[in-house]
Amino acid sequence: MALGPVLVIGLDPERIPGWDPAPVVAAIARGQARFGEHGVEADLCLVAPDDDAESAVVEALQRKDYACVVVGGGLRKHEPLLLLFEKVVNLVRQWAPGAAIAFNGSPVDTADAALRWLPRDTGERRTP
């Protein structure tokens, strides 16, 4: 039985100037592959802070009825992005009120973050 769907919202490493995105791109790919290993359908919504990130998030949230939304560390941990992080959390509450909200520690453990909140075989949402 497939679990999910899950939406992962994070910073697009290829659109942030001044650093090498390759390690983060590779970590995101590993993290996405882990969803497949667990039979979880997962979509990505990668945004850049200088673009219209909020519109991209709303568009992604409207695509499906997500069981869980994982907000990536790039949005949470970088203090200059605090306002964007707050907006993302409130957009999830508004546009996906039935979805659990989870937070990863790194792109590689994103599936673990979602699995903490996805329903078990009983159909009930997990609670850590």
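Presented here is a report on the structure given in the accompanying data block. (Residues numbered from 1 in each chain as written. Predicted model: local features only at pLDDT ≥ 70, side-chain atom pairs only at ≥ 80, totals over all residues. Heavy atoms only, no water.)

Next up on the list: the overall build of the chain. On a plain count of helices and strands, the chain comes out with five helices and four strands. Counting helices and strands in the order they occur from the N terminus, the chain gives β-α-β-α-β-α-α-β-α. Counting only C-alpha atoms and orienting by the principal axes, one finds that the chain spans roughly 45 × 30 × 25 Å. The proportion of buried residues among the 128 residues of the chain is 40%. Sequence-distant contacts, at least 24 apart, represent 70% of the contacts inside the chain between residues at least 6 apart. Element-wise, carbon and sulfur atoms account for 54% of the exposed surface of the chain, whose accessible area totals about 6900 Å². (Helix = DSSP H or I, 4+ residues; strand = E, 2+ residues; numbered from the N terminus. Buried < 20%, exposed > 50% of the residue type's maximum accessible area, 1.4 Å probe, protein only. Contact = heavy atoms within 4.5 Å. Areas by Shrake-Rupley, 256 points an atom, 1.4 Å probe, with all protein chains shown as cover.)

When charged atoms on two side chains of opposite charge get close, those side chains can pair. Evaluation of the coordinates by the stated rule reveals seven salt bridges. It is possible to trace a salt-bridge network through shared partners that takes in Asp12, Arg15 and Asp51. (Salt bridge = Lys/Arg side-chain N within 4 Å of Asp/Glu carboxyl O.)

Further remarks concern the nonpolar core. Core analysis: the biggest nonpolar cluster contains 23 residues, and Leu7, Ile9, Val57, Leu61, Val69 and Val88 have the highest contact counts within it. By residue number, the principal contributor to this core is helix α4 (residues 82-95), which donates six residues. Counting residues in each nonpolar core, the second largest holds 15 residues, with Val6, Val70, Ala102 and Ala113 among its members. (Core = buried A, V, L, I, M, F, W, Y, C linked by side-chain atoms within 4.5 Å.)

Position of Ser106 among the secondary structure elements: in the loop between β4 (100-103) and α5 (110-115). Residue Ser106 is classed as partly exposed on the basis of its relative accessible area, which comes to 28%.

Let us look at the environment of Ala114. Along the chain, the position of Ala114 falls in helix α5. Along the primary structure Ala114 and Pro80 are separated by 34 residues, whereas in three dimensions their C-alpha atoms are 25 Å apart. Beyond its immediate stretch of four places on either side in the chain, Ala114 contacts Val6, Phe35, Cys68, Val70 and Ala102.

Side chains on a regular strand alternate between the two faces of the sheet. Of the strand pairs in this sheet, strand β1 (residues 3-11) and strand β2 (residues 40-47) are connected by seven bridges, and their pairing is parallel. By the bridge assignment for β2, Gly10 is matched with Leu46. Remark: the β1/helix α1 (residues 22-37)/β2 crossover connection has right-handed handedness. (Pairing = 2+ DSSP bridges. Right-handed = clockwise from strand over helix to strand, strands pointing away.)

Taking 1.5 Å per residue, 14 residues should reach 20 Å; α4 reaches 20 Å between its end C-alpha atoms and fits that length. Within the span of α4, buried status applies to Leu84, Phe85, Val88, Val89, Leu91 and Val92. All buried residues of α4 project into a common sector of 160° when viewed along the axis, lining one side. Opposite its buried face, α4 presents the exposed residues Leu83, Arg93 and Gln94, each directed more than 90 degrees away. Elements in contact with the buried residues of α4: β1, α2 (53-63), β3 (68-71), α3 (73-77) and β4. (Expected span 1.5 Å × (residues − 1). Arc of directions from axis to C-beta.)

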